[in-house]
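An overview of the molecular structure
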Amino acid sequence: MGDPPPAPDPSAPQPSSRRSSQVSEQRSQERAQLPPAVPDGVQQMPLDAQVLRSSQEILESQANLQSWSQGASLSPYEQLAMFQAEEAQLGGMEYPSLNTGFPSEFLPQPYLDGGGIQVPGNASLMQQLQHGRGNVFQELESAYQEPRPDLLGQFSMYQREDLQFSASAQHGPYMSDDPALQFSPSELGFMSFSMQVPEPEPRELAVQNAKAYLLQTSVNCNLSLYEHLVNLLTKILNQRPEDPLSILESLNRTAQWEWFHPKLDTLRDDPEMQLTYEMAERQKALFVRGGSGEGEQDMEEEVTETAVPNIMETAFYFEQAGVGLSSDESFRIFVALKQLVEQQPIRTCRFWGKILGLSGSYLVAEVEFREGEEEVEEEEVEELTEGGEATEAHGEEEGEEDEEKVTDVIPKPTWKPPPVIPKEESRSGTNKFLYFVCNEPGRPWTRLPHVTPAQIVHARKIKKFFTGRLDAPVISYPPFPGNEANYLRAQIARISAATHISPLGFYQFGEEEGDEEEEGRAGRDTYEENADFEGIPVLELVDSLANWVHHRQHILPQGRCTWVNPLQKTEEEEELGEEEEKADEGVEEVEQEIGPPLLTPLSEDAEILHTSPWTTRLSCSLCPQYSVAVVRSNLWPGAYAYAIGKKFENIYIGWGHKYSPENFNPSLPGPIQHEYPSGPEIMEMSDPTVEEEQALKAAQEHALATAEEEEEEEDEDEDEDADD
Amino acid sequence: MDAESLLLSLELASGSGQGLSPDRRASLLTSLMLVKRDYRYDRVLFWGRILGLVADYYIAQGLSEDQLAPRKTLYSLNCMEWSLLPPATDEMMVQTSVVKGRFTGDPSHEYEHTELQKVNDGEKVFEEEVVVQIKEETRLVSIIDQIDKAVSVIPRGALFKTPFGPVHVNRTFEGLSLSQAKKLSSYFHFREPVELKNKTLLEKADLDPSLDFLDSLEHDIPKGCGWTALLGADF
């Protein structure tokens, strides 16, 4: 009871111990009452000797905690005392006694007040504890109420200390400004302990050891298990998740993670979000209406025709068919197209589709320039190439002259590269439309170059994914002439030619036709809209494929839409190549390639593996009156077309590859070239080996040596003769 | 995608061009709820759609409490009436590997495949051409199983393994941060782990047994083009 603190007192200034001794003295006097200065709402409980002991221990623990939170290290005594207090509670203190234990702990420092349990003293201590926090009474009240409803003794202990912790302002997210925590003890259960008299020495020692162990800071960080458990439990109490036991581990992990990754303060930018912010900035530019004129005038101008199609309507119809991008992406595409139309001199524009790639996708717009606009750029490109050819030819002629002077002329190879098939003119055939691509709405549109027949021929042989960067090289066998921009353009051309369809009758041939004979071979390549088109009922469109026609020209195996005889040389080539022409061994006959003419119905398309290359569907079978007819290509997965009434549209969203039932096998390299045939003129022999050479050399030396010996003998003979 | 968050997931996955028309979406929402009630699944996932010539198959999967237990697969032609599919076996896979081409869309359709089989007739051994009938349903089952094993992916932290064995959905999973989302190692295959035991001891020491109990995507072959993680609207 009035005993002095049980453990030995090594360190000299122990204000807590003195305080406790004072407390114990006073407690013994005021057994049955709580100090009158204690505010209302506090229950008055009888005191016990054990209470006293525990109370003083608690006081010590509080004080110790306070000092700890202030950064002081705990002396063994203090630790012990703290632990004793907790242990005592663990041992089963009665609820009321605990209560009384508490208030007495907030005793003022004896030096300040001269002892006595007083509210102002409490207040000052509280203030000390909270570093100047104002809500003394609240704290006191909570202090009274806290220990009451506890499920487990440990729980309560941590709660109390948690209070101390929160008061210390050391942990950001665990500030005790959560009123629920302070004022809702009724949610927690009722704790009932039975009093036990804690035995002094061995138990204290055990408790002390356990506590010291818990307070060890981890090797990796400054966090101790004790502190972490406090954090965790506070978090659980703050969030009150359902069935916390089952998610205990996850909560544990999250609490640990949060300790090391505090939320950055608002003054600094979150580095992770930079990417998304940039994207949003770019797209914001799209939504700003261009031009600075007065509002009304601009509105009127804009309401008149614009080259940008009604993308939202198309997107709606495709959505009925189960195809297409989300509606906000469609809208962004619309605004991006509008931007494109403003930047370039465009007559008609259409959203062609989206090609997916590994690191990024392409949005493709199909445009037609106004008359006369586009050729300027084309001419520049052509001049460059022609200039290059001229210089090359010149270089060759000079080289030939030099060579003739040298006696040993390297035999010229008889192999000639196959003649280059000229690409089609702009606005015709495969190059009828111009294509612009961008990676995402908001980025600048890039124009794709025209496609050459060689590129189309090669594109048919390879199958590569697009990466999303236009300048990426296309590494393949046979080597593709160009980079990804060219490959993309070639695939777009193939897809357009194969899958752009329209209902029968929407387009018709123009009335002015030239000689049918001439044009019959080449195929008509112009069409115009039929003003009298009245639309085909949706059911008929779905039933029969003959109601749909291709309105893009088929690409011949040559790579062009109109056939060109590759052996017809242009004038320039004839001048340069006169000498070489004579060496030609006759012109090979090339057959003209003919493809299906324009506006052929889909029913004429070739089958793949006994299945039709097209699939037709009604968009919704539950309401056929308002459905849309949808046609899906089986040859190019991702190509769709819809038609309803007088409206129709095509779109492609996919990876840009043709369907093949087998896996793709890259073409094998060509056969190995034959060796030069050995004939009487040139015989191939193997070089002599080192041994043979050495043997020859030895033989020669030997022969020399014998020859010299013979000479010497002859000389000697002559000498002897001479002597004789 | 989970039946409960179907609409949101459809919006997010729309970048590839495949979507569902409004009538299908509405019917899915209602019918998946009913499936969940009738079969008493813990979670019902809308697996996807397989295109066929005449009709398309809509596939759903039902999961029990233990997320890694074998799932029940259901298919429907109109998103309203669902039928259970038999579980996949290895023989099915072997059998259907010879069928090529598209699905027809008729579940009772049978593919005919002629095989040369050696028939022992007493002492004679001769080869006979046997026509094997393979049902489209079998092919459907094995294709779904193959696709699941190859590409079913889950982010790290979404599931956790309890010490008793079953795998549960992690209710405290708040998603991956931006930097984590770009790394392939934060995604796992949602199937029985195959490569986990092949890891070295050093690697295993860094793993967290409650979260890292599945194969990661990092070591999939072919590297570089097997998987790419794209952020935002880039896909």
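Residues numbered from 1 in each chain as written. Chains lettered and ligands numbered in written order. Predicted model: local features only at pLDDT ≥ 70, side-chain atom pairs only at ≥ 80, totals over all residues. Heavy atoms only, no water.

Residue and element names in this part refer to chain A. Within the largest apolar cluster, 30 residues are counted, with the highest numbers of intra-cluster contacts made by L337, L340, V367 and W445. Those elements that provide at least two residues to this core are α15 (311–321), α16 (327–343), β1 (346–355), β2 (362–369), β3 (434–438), β11 (639–644) and β12 (647–654). Broken down by element, this core gets its largest block of residues, six residues, from α16. Leaving out residues up to four positions away in the same chain, V367 has contacts with L340, I346, T348, C349, F433, L434 and F436. (Core = buried A, V, L, I, M, F, W, Y, C linked by side-chain atoms within 4.5 Å. Buried < 20%, exposed > 50% of the residue type's maximum accessible area, 1.4 Å probe, protein only. Helix = DSSP H or I, 4+ residues; strand = E, 2+ residues; numbered from the N terminus. Contact = heavy atoms within 4.5 Å.)

Turning to the confidence of the model for chain A, a few remarks are in order. Do not read the fine detail of predicted coordinates wherever pLDDT is low. Residues and elements named next belong to chain A. Considering every residue of chain A, the mean pLDDT works out to 68; 56% of them sit at 70 or more. At the level of individual helices and strands, chain A shows its lowest average pLDDT in helix α20 (residues 516–522), which scores 40, and its highest in helix α19 (residues 484–499), which scores 92. Under a pLDDT of 50 for its full length, residues 291–296 has, in the predicted model, one contact with residues more than four places off or in other chains. (pLDDT = per-residue confidence, 0-100.)

Once that is clear, we can look at empty space enclosed by the protein. Empty pockets left among the atoms are what a rolling probe the size of a water molecule brings to light. Residue and element names in this part refer to chain A. The tally for this structure, following the rule as stated, stands at 13 cavities of 30 Å³ or more. Its boundaries defined by the atoms lining it, the largest cavity holds a volume of some 190 Å³. Lining the largest cavity are 17 residues, with I311, T314, A315, F351 and I651 sitting closest to its centre. Mapped by element, the contributors of at least two residues to the lining of the largest cavity are α15, α16, β1 and β12. Element by element, the count of residues in the lining of the largest cavity is highest for α15, at five residues. Considering only residue class, the lining of the largest cavity consists of ten nonpolar, four polar and three charged. (1 Å grid on protein atoms, 1.4 Å probe; cavity = no way out; pocket = protein on both sides within 12 Å on 5 of 7 lines; lining within 4 Å. Points joined across faces, edges and corners; volume = space filled by probe spheres on them. Nonpolar A, V, L, I, M, F, W, Y, C, P; charged D, E, K, R; others polar.)

Residue and element names in this part refer to chain A. Read across the open sheet, the eight strands follow the order β4-β3-β2-β1-β12-β11-β10-β9; overall the sheet is mixed. For this open sheet the edge positions go to β4 (446–447) and β9 (614–618), each flanked by a neighbour on one side alone. Pairing of β1 with β2 involves eight bridges; the strand directions are antiparallel. Paired with K354 across the two strands is L363, which belongs to β2. Where α16 meets the sheet, its contacts fall on β1, β2 and β3, and the angle it forms with β1 comes to roughly 145°. (Pairing = 2+ DSSP bridges. Axes fitted to C-alpha atoms, helices over the stretch in contact; angles between N-to-C directions.)

This part covers the sheet that holds strand β4 (residues 83–84) of chain B. Backbone hydrogen bonds are what pair the strands of a sheet, in a parallel or an antiparallel way. All names here are of chain B. With antiparallel pairing, four strands are arranged side by side in an open sheet as β1-β2-β3-β4. Two strands bound the open sheet, and with one partner strand each, they are β1 (43–50) and β4. Of the strand pairs in this sheet, strand β3 (residues 72–76) and β4 are connected by two bridges, and their pairing is antiparallel. Its bridge partner being in β4, Y75 is matched across the sheet by S83. Here helix α2 (residues 22–39) sits on the sheet in contact with β1, β2 (57–63), β3 and β4, set at roughly 135° to β1.

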